[in-house]
Amino acid sequence: AQSVAQPEDQVNVAEGNPLTVKCTYSVSGNPYLFWYVQYPNRGLQFLLKYITGDNLVKGSYGFEAEFNKSQTSFHLKKPSALVSDSALYFCAVRDWTGTASKLTFGTGTRLQVTL
Amino acid sequence: SQTIHQWPATLVQPVGSPLSLECTVEGTSNPNLYWYRQAAGRGLQLLFYSVGIGQISSEVPQNLSASRPQDRQFILSSKKLLLSDSGFYLCAWSPLGGRLNEQFFGPGTRLTVL
């Protein structure tokens, strides 16, 4: 079965500093990976995805993610964090049932950006 | 553009009462539809998915059921709620046949069972 792991429950960073939220994956076949963000009491918002091609994927709100096949990682990054980036971040991997795609999510990482 | 709606936004129900949560999608046809539960503000668990009217796949055995009476309507139900059914329920959709497409989530329903 496909799975992703987010090793950090929480990441703390000062505004203006770069941020990294970690994700590692375990898949059979090609990995199709996603990042989502969730603000309090809200649904998930899609940030970016890796399907194929460039290992550096650019997404919404200035976020990007680096796919590393040798390390089986897909870390989310942003060069300069904002307080408004504080939220819960989920990594996910696609699984194919034969009729539909399913997403398996990690346990989430809470990002706290402070002034 | 496509939008996804869920209602109610919040719900407080006694143990043993029935449940019906509704999800509708606008601006697309033949979407794949999904129900997730998020417990304790953390991980998401896929409960059901549907690739068409009347077609429901269950991911985990539990006290809940799902139905898709119309193309863009997805309903989550229970005959008798348990305390453990409390959580944040999220509906999502993705384009039909989109093997590599992301899913788009609704705003969620916060269910508290007392």
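Refer to the preceding data block for the structure.
Remember, it's a predicted structure, so these values are computed and weren't measured experimentally. Numbering of residues starts from 1 in each chain and follows the order in which that chain's sequence is written. By the order in which they are written, chains take letters starting at A while ligands take numbers starting at 1. Reporting in this predicted model follows two pLDDT cut-offs: at least 70 for local features of residues, and 80 or more for side-chain atom pairs to be given and counted; totals over whole chains, interfaces and linings ignore these cut-offs and use all residues. Values reported for side chains reflect all heavy atoms of the structure, with hydrogen atoms and water molecules removed beforehand.

Working definition: a ring pair exists when centres of Phe, Tyr or Trp rings (six-membered ring for Trp) sit within 6.5 Å. Plane angles under 30 degrees give stacked, over 60 give edge-to-face, the rest tilted. Within this structure, the stated rule accounts for 15 aromatic pairs over all chains. Look at B:Tyr36 and B:Phe105: their rings are 5.4 Å apart centre to centre, the planes differ by 40°, and that puts the pair in the tilted class. With B:Tyr36 in strand E4 (residues 32-38) and B:Phe105 in strand E10 (residues 104-105), this pair connects stretches of sequence that are 69 residues apart. Only protein chains enter the accessibility calculation, which uses a 1.4 Å probe; a residue is then buried when its area is under 20% of its type maximum, exposed when over 50%, and partly exposed in between. Given a relative accessible area of 10%, B:Phe105 falls into the buried group. In this structure an aromatic cluster arises from ring pairing among A:Tyr36, A:Phe46, A:Phe90, A:Phe105, B:Tyr34, B:Tyr36, B:Tyr49 and B:Phe105. Helical segments are the DSSP runs of H or I of at least four residues, strand segments are the runs of E of at least two, and each set is numbered from the N terminus.

All names here are of chain A. Checked against the element boundaries, Trp 35 lands in strand E5 (residues 33-38). The spatial distance from the C-alpha of Trp 35 to the C-alpha of Tyr 61 is 12 Å, given a sequence separation of 26 residues. N or O atoms closer than or at 3.5 Å make up a polar contact, with two conditions inside protein: a donor-capable atom paired with an acceptor-capable one, and, for residues adjacent in sequence, both atoms drawn from side chains. Separated by 2.9 Å, the side chain of Trp 35 and the backbone oxygen of Phe 74 make a polar contact.

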